[in-house]
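# Structural characterization, general
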Amino acid sequence: MILSLMAVIAVLHTLDNLNMVDQVEITGQFQMNSEKQLQARVSKIMWNEHAKGHSTMHRWLLFKKMNVNNAEKAIRDHIRWRKEFDIDRLRSAPPNPKLWKRFQYNVTVHARNGDPVLLMPFGDWDVRDYITAKGDQHTFDKYQGQMWEKGLSRFCLVLVPRCPYYARNPGLAAVEKVEMNLNDTKRSTSVRLYLVCDLENLEYRQLASYTSLQYIFSMVYNFENNYPETVHAAIMINCDWVFESLLRYISPFLREGSFERLKIYPKDRSKWMKDVRRLIHPSQLPYRYGGYSKSEKRKLATRRPFFVRQLGLK
């Protein structure tokens, strides 16, 4: 009797597993069919070969919960946005020098897995002062659209010289990658960005102006609707009550799932530095974002001079 019961349980367990496999296969087939259907509808209007790939189709479908019609509409809206702000030309053009003085950022950094990193000192961005100086929103939107595009276009451009130190430290092997062509449609995964945002000097006066808030809302809205499913994590460092107030304001513009990607850290370097360095090697980072301190550089120069010389840490 006991053996019979065990046999029945084993059969039921096997059937459950088979049902799960069938469900996975159906889901995978549905996803592939949806991607092909969307690709057939929009491939002629996409801005480059990579944008026509299945990975791009997949993230737009995720954005619209696998609804092909809604994903097509979102892509066509995005194409109009690209044309309005001349994004394809700006992608390789230098930033507007007047806005660069006010709103600096860094897109030369890469994470350990080779994905791009955008370093953004948002606490230093004085949007209210820009408005007082008669800066217009269209120019601001154009500038930040170029910023997002440049950040995502610098994928896997990490060329680290081979040396014995890396062989002894496999944790650094992730940054040893070759440049990948963004137009490679064979790549199965989408480009994803790490955003590290420093809120150190953010003042409440930026939030006390309705117009400056509109500019900030526009920046969040443009990113959420034109670059969906492109962020691994948004790491907010040196946050205080001002950022908490800002988060309450912008939360209606954040899509479902965006909060899960937010990593918020207080004004205590020891609270966030290890987590940032776990994702991005400190040799890639300026000090304010978790890079090596002067004392750390001196220690590295004494103990591993070849490694320091190769990474330019002197």
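By convention here, each chain's residues receive numbers from 1 onward along its written sequence. In view of the model being predicted, local features appear only for residues whose pLDDT reaches at least 70, and side-chain atom pairs are presented and counted only at 80 or more, with totals across whole chains, interfaces and linings using the full set of residues. Think of the side-chain values as coming from all heavy atoms in the structure, minus any hydrogens and water.

Let us look at the packing of aromatic side chains. Here a Phe, Tyr or Trp ring, Trp counted by its six-membered ring, pairs with any other such ring whose centre lies within 6.5 Å, and the pair is stacked when the planes are under 30 degrees apart, edge-to-face when over 60, and tilted otherwise. Within the structure shown, the criterion is met by 17 aromatic pairs. With 5.9 Å between their ring centres and 65° between their planes, Trp60 and Phe63 make a pair best called edge-to-face. Here the residue Trp60 and the residue Phe63 both occupy positions in helix H2 (residues 54–63), the gap between them amounting to three residues, near one helical turn. Remark: exposure states derive from per-residue accessible area (1.4 Å probe, protein chains only) relative to the maximum for the residue type, with buried under 20%, exposed over 50%, and partly exposed in between. Trp60 sits in the buried class, given a relative accessible area of 0%. For Phe63, a relative accessible area of 11% puts it in the buried group. Residues Tyr130 and Phe140 carry aromatic rings whose centres are separated by 6.1 Å and whose planes lie at 40° to one another, so their mutual orientation is tilted. With Tyr130 in helix H6 (residues 127–132) and Phe140 in helix H7 (residues 137–153), this pair connects stretches of sequence that are 10 residues apart. Helix and strand assignments come from DSSP, with helices taken as H or I runs of at least 4 residues and strands as E runs of at least 2, each series counted from the N terminus.

Scored from 0 to 100, pLDDT reflects the predictor's confidence in each residue. Per-chain confidence: the protein chain averages 79 in pLDDT, with 75% of residues scoring 70 or above. With pLDDT under 50 throughout, residues 17–26 is counted as low confidence; its partners more than four residues away or in other chains account for zero contacts. Contacts between residues were defined by any pair of non-hydrogen atoms, one from each residue, lying within 4.5 Å. Across residues 156–188, where pLDDT falls below 50, the model places 60 contacts with residues more than four positions away in sequence or in other chains.

With that settled, consider unusual backbone geometry. Unusually for a residue other than glycine, Met66 sits at a positive phi of about 65°. Looking at the secondary structure, you find Met66 in the loop between H2 and helix H3 (68–85). The residue Asn238 is not glycine, and still its phi comes out positive at about 60°. When you line up the elements, Asn238 lands in strand S4 (residues 231–239).

Our next topic: the packing of H7 against helix H9 (residues 210–226). For every element, the axis is a line fit to its C-alpha atoms; helices are fit only across the contacting stretch, and the angle between N-to-C directions ranges from 0 to 180 degrees. Where H7 meets H9, the closest approach of the two axes is 10 Å, and the angle between their N-to-C directions is 40°. For the crossing formed where H7 meets H9, the hand is right-handed. Side by side, H7 and H9 meet where Gln137, Phe140, Asp141, Gln144 and Trp148 of the first sit next to Gln214, Tyr215, Ser218, Met219, Asn222 and Phe223 of the second. Of the residues in the contact of H7 with H9, the class split is five nonpolar, five polar and one charged. Left-handed describes a crossing in which the near helix is turned anticlockwise from the far one by less than a right angle; the clockwise case is right-handed. Note on residue classes: Ala, Val, Leu, Ile, Met, Phe, Trp, Tyr, Cys and Pro are nonpolar, Asp, Glu, Lys and Arg are charged, and everything else, Gly too, is polar.

By the criterion of burial, strand S2 (residues 116–120) is predominantly enclosed, with five of the five residues buried. Side chains Pro116, Leu118 and Met120 of S2 all project onto a buried face; the interleaved residues Val117 and Leu119 project onto the opposite face, where all are buried too. The rule for pairing is simple: two strands pair if DSSP sees at least two bridges between them. Taken together, the three bridges between strand S1 (residues 106–110) and S2 define a ladder with antiparallel strand orientation. Bridging across to S2, Val109 finds its partner in Val117. Between the antiparallel neighbours S1 and S2 lie five residues, among them Gly114 with a positive phi of about 95°. Here four bridges tie S2 to strand S3 (residues 193–198), and the two strands are oriented parallel to one another. Within S3, the position partnered with Val117 by the bridge is Tyr194.

Attention now goes to the pattern of salt bridges. Every case where a carboxyl oxygen of Asp or Glu lies within 4 Å of a side-chain nitrogen of Lys or Arg is listed as a salt bridge. All told, the structure shown has 18 salt bridges when counted by the stated rule. Its salt-bridge partner being Lys267, residue Asp240 comes within 3.3 Å of it at the nearest N-O pair. Here Asp240, found in the loop between S4 and helix H10 (241–250), pairs with Lys267, found in the loop between strand S5 (262–266) and helix H12 (269–279); they are 27 residues apart in sequence, far enough to count as distant. The exposure class assigned to Lys267 is partly exposed, which follows from its relative accessible area of 42%.

A few words on empty space enclosed by the protein. Method remark: on a 1 Å grid restricted to protein atoms, a set of points is classed as a cavity if a 1.4 Å probe fits but cannot get out and as a pocket if it is open with protein on both sides within 12 Å along at least five of seven lines; lining residues have an atom within 4 Å of a point. Grid points are joined across faces, edges and corners, and a volume is the space filled by probe spheres set on the points. All chains considered together, the criterion is met by two cavities of 30 Å³ or more. For the largest cavity, the calculated volume is near 480 Å³. Elements with a contribution of two residues or more to the lining of the largest cavity: S3, H9, S4, H10 and helix H11 (258–261). Looking at the lining of the largest cavity residue by residue, the class counts come to 22 nonpolar, two polar and four charged.

Okay, the nonpolar core next. Ranked by internal contacts, the top residues of the largest apolar core, which has 43 residues, are Met120, Phe122 and Met236. Those elements giving two or more residues to this core turn out to be H3, S2, H6, H7, S3, H9, S4 and H10. Those residues within four positions of Met120 in sequence are excluded, and the remaining contacts are Trp125, Met147, Trp148, Leu195, Val196, Cys197, Asp198, Met219 and Tyr289. By convention a nonpolar core is built from buried Ala, Val, Leu, Ile, Met, Phe, Trp, Tyr and Cys residues, the set being connected through side-chain atoms within 4.5 Å. By size, the runner-up hydrophobic cluster in this structure holds 16 residues, among which are Ala233, Ile237, Val276 and Leu285.

We now examine a nonpolar patch on the surface. Like charges within 9 Å and nonpolar side chains (Val, Leu, Ile, Met, Phe, Trp, Tyr) within 5 Å are joined into patches, using only residues over 30% in relative accessible area that form no salt bridge. All accessible areas in this document rest on Shrake-Rupley with a 1.4 Å probe, and a residue is counted as covered only by the protein chains that are shown. Together, Tyr204, Trp241 and Tyr249 give the surface a local cluster of nonpolar side chains, amounting to about 330 Å² of exposed area. Mapped onto the fold, Tyr204 is located in the loop between S3 and H9. Among the residues examined, Tyr204 registers a relative accessible area of 35% and is labelled partly exposed.

The next subject is H7. The length a helix should cover is 1.5 Å for every residue beyond the first. Here H7 is 17 residues long and its end C-alpha atoms lie 24 Å apart, about the 24 Å a rise of 1.5 Å per residue gives. In terms of residue burial, H7 counts as a mostly covered element, since 12 of its 17 residues are buried. All buried positions along H7 are accounted for by Phe140, Asp141, Tyr143, Gln144, Gly145, Gln146, Met147, Trp148, Glu149, Lys150, Gly151 and Leu152.

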